[in-house]
Amino acid sequence: DTAVSQTPKYLVTQMGNDKSIKCEQNLGHDTMYWYKQDSKKFLKIMFSYNNKELIINETVPNRFSPKSPDKAHLNLHINSLELGDSAVYFCASSQQGAGEAFFGQGTRLTVV
Amino acid sequence: KQEVTQIPAALSVPEGENLVLNCSFTDSAIYNLQWFRQDPGKGLTSLLLIQSSQREQTSGRLNASLDKSSGRSTLYIAASQPGDSATYLCAGTQGGGSEKLVFGKGTKLTVNP
């Protein structure tokens, strides 16, 4: 069983479109995250949710809107996609206080 | 603002060598430290977690240590194998309710047969 799963794995879309990435974890964790890995492979936090509540919003443009329908799911919706949004987006989860984070396989977003 | 430096950026070794990867934090107030492995085009695989009360963790041929006084961590890989070739990332949290991981840029390891 995949612990943290994201869909889709690849996403190619035109500038200006709106797209969503879905994430689900079956580890029973209470905290989920979105990280972005840029073209230089640098990973940086975007958002963190704990029990469906937003706790970290790391100066991400408001075109990016995370949504957590329940603590096992954290989706990322992106409006008006720009070329600079091209990156790999990783979902992760952990149990607050316990620390070990588990990552999904990533979604490679290419904006053309 | 926490920043993480990993040295070296790339490393190429012959099979069988023991090696050390280094990671340092600008702010030594690290709560948890985690080492990951990333294969090309893949996600991150958690290798070792050093929790706030610990200084060291071992898993098989891997040993990670954390010196909180200096804000430095090392990942020791014994008897390296070609299958160890990957990018190794260290990341730390700073506690206080913040669970976010701050990552280094990684060390790209190549183990030659």
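Residues numbered from 1 in each chain as written. Chains lettered and ligands numbered in written order. Predicted model: local features only at pLDDT ≥ 70, side-chain atom pairs only at ≥ 80, totals over all residues. Heavy atoms only, no water.

Draft legend 1. Geometry of the nonpolar core. Leu33, Trp35, Leu47, Leu75, Ile77, Tyr88 and Leu109 of chain B are the most contacted members of the largest nonpolar core, which has 23 residues in total. Every element with two or more residues in this core is listed here: strand S3 (19-25), strand S4 (33-38), strand S5 (44-50), strand S7 (62-67), strand S8 (72-77), strand S9 (86-92) and strand S11 (107-112) of chain B. Looking at this core element by element, the count peaks at 4 residues for S3 of chain B. Those residues in contact with Leu33 of chain B, other than ones at most four positions away along the chain, are Phe25, Leu48, Leu49, Ile50, Leu66, Ser73, Ala91 and Gly92 of chain B. Listed in part, the 20 residues of the second largest apolar core include Met32, Phe47, Phe64 and Tyr89 of chain A. (Core = buried A, V, L, I, M, F, W, Y, C linked by side-chain atoms within 4.5 Å. Buried < 20%, exposed > 50% of the residue type's maximum accessible area, 1.4 Å probe, protein only. Helix = DSSP H or I, 4+ residues; strand = E, 2+ residues; numbered from the N terminus. Contact = heavy atoms within 4.5 Å.)

Draft legend 2. Up close: the pattern of salt bridges. Applying the stated criterion to the full structure yields 5 salt bridges over all chains. Residue Arg63 of chain A pairs with Asp85 of chain A through a salt bridge whose shortest N-O separation is 2.8 Å. In this pair, Arg63 of chain A sits in the loop between strand S6 (53-57) and strand S7 (64-70) while Asp85 of chain A sits in the loop between strand S8 (73-78) and strand S9 (87-94), placing the two residues 22 residues apart along the sequence. Classification of Arg63 of chain A as buried rests on a relative accessible area of 14%. Residue Asp85 of chain A is classed as buried on the basis of its relative accessible area of 4%. Ionic pairing is found between Arg61 of chain B and Asp84 of chain B, a salt bridge with its closest N-O pair at 2.8 Å. Of this pair, Arg61 of chain B sits in the loop between strand S6 (56-59) and S7 while Asp84 of chain B sits in the loop between S8 and S9; the two residues are 23 residues apart in sequence, bridging distant segments of the chain. (Salt bridge = Lys/Arg side-chain N within 4 Å of Asp/Glu carboxyl O.)

Draft legend 3. Highlighting the sheet that holds S7 of chain A. Residues and elements named next belong to chain A. Spatial strand order, S1-S3-S8-S7: 4 strands in an open sheet with antiparallel pairing. Sheet topology places strand S1 (4-7) and S7 at the edges, where each strand pairs with a single neighbour. Mean inter-strand twist for the sheet, computed between neighbouring axes without regard to direction, equals 20°. As defined by bridge partners, S1 adjoins strand S3 (residues 19-25) across 4 bridges and the pair is classed as antiparallel. The residue of S3 that forms the bridge with Ser5 is Glu24. (Pairing = 2+ DSSP bridges. Axes fitted to C-alpha atoms, helices over the stretch in contact; angles between N-to-C directions.)

Draft legend 4. Up close: the layout of surface pockets. Approximately 450 Å³ is the volume attributed to the largest pocket. Lining the largest pocket are 25 residues, and of these Lys41 of chain A together with Gln38, Asp39, Pro40 and Gly41 of chain B sit closest to its centre. Of all elements in the fold, only S9 and strand S11 (107-111) of chain A together with S9 and S11 of chain B reach the threshold of two or more residues within the lining of the largest pocket. Considering the residues around the second largest pocket, the lining is formed by 19 residues, among which Phe42 of chain A together with Lys1, Gln2, Glu3 and Val102 of chain B are closest to the centre. (1 Å grid on protein atoms, 1.4 Å probe; cavity = no way out; pocket = protein on both sides within 12 Å on 5 of 7 lines; lining within 4 Å. Points joined across faces, edges and corners; volume = space filled by probe spheres on them.)

Draft legend 5. Inspection of the state of the cysteines at higher detail. Following the criterion strictly, the structure yields 2 disulfides over all chains and no others. Sulfur-sulfur distance for the disulfide between Cys23 of chain A and Cys91 of chain A comes to 1.8 Å. Residues Cys23 of chain A and Cys91 of chain A share a disulfide whose torsion about the S-S bond is about -80°; that sign makes it left-handed. Of the two residues, Cys23 of chain A sits in strand S3 while Cys91 of chain A sits in strand S9, which places them 68 residues apart along the sequence. The residues Cys23 of chain A and Cys91 of chain A share a single accessibility class, namely buried. What pairs with Cys23 of chain B in a disulfide is Cys90 of chain B, and their sulfur atoms sit 1.8 Å apart. Residues Cys23 of chain B and Cys90 of chain B are joined by a disulfide whose S-S torsion is about 70°; by sign, that bridge is right-handed. A residue pair is termed long-range when its members are at least 10 positions apart, and Cys23 of chain B in strand S3 and Cys90 of chain B in strand S9 qualify at 67 residues. (Disulfide = S-S within 2.5 Å.)

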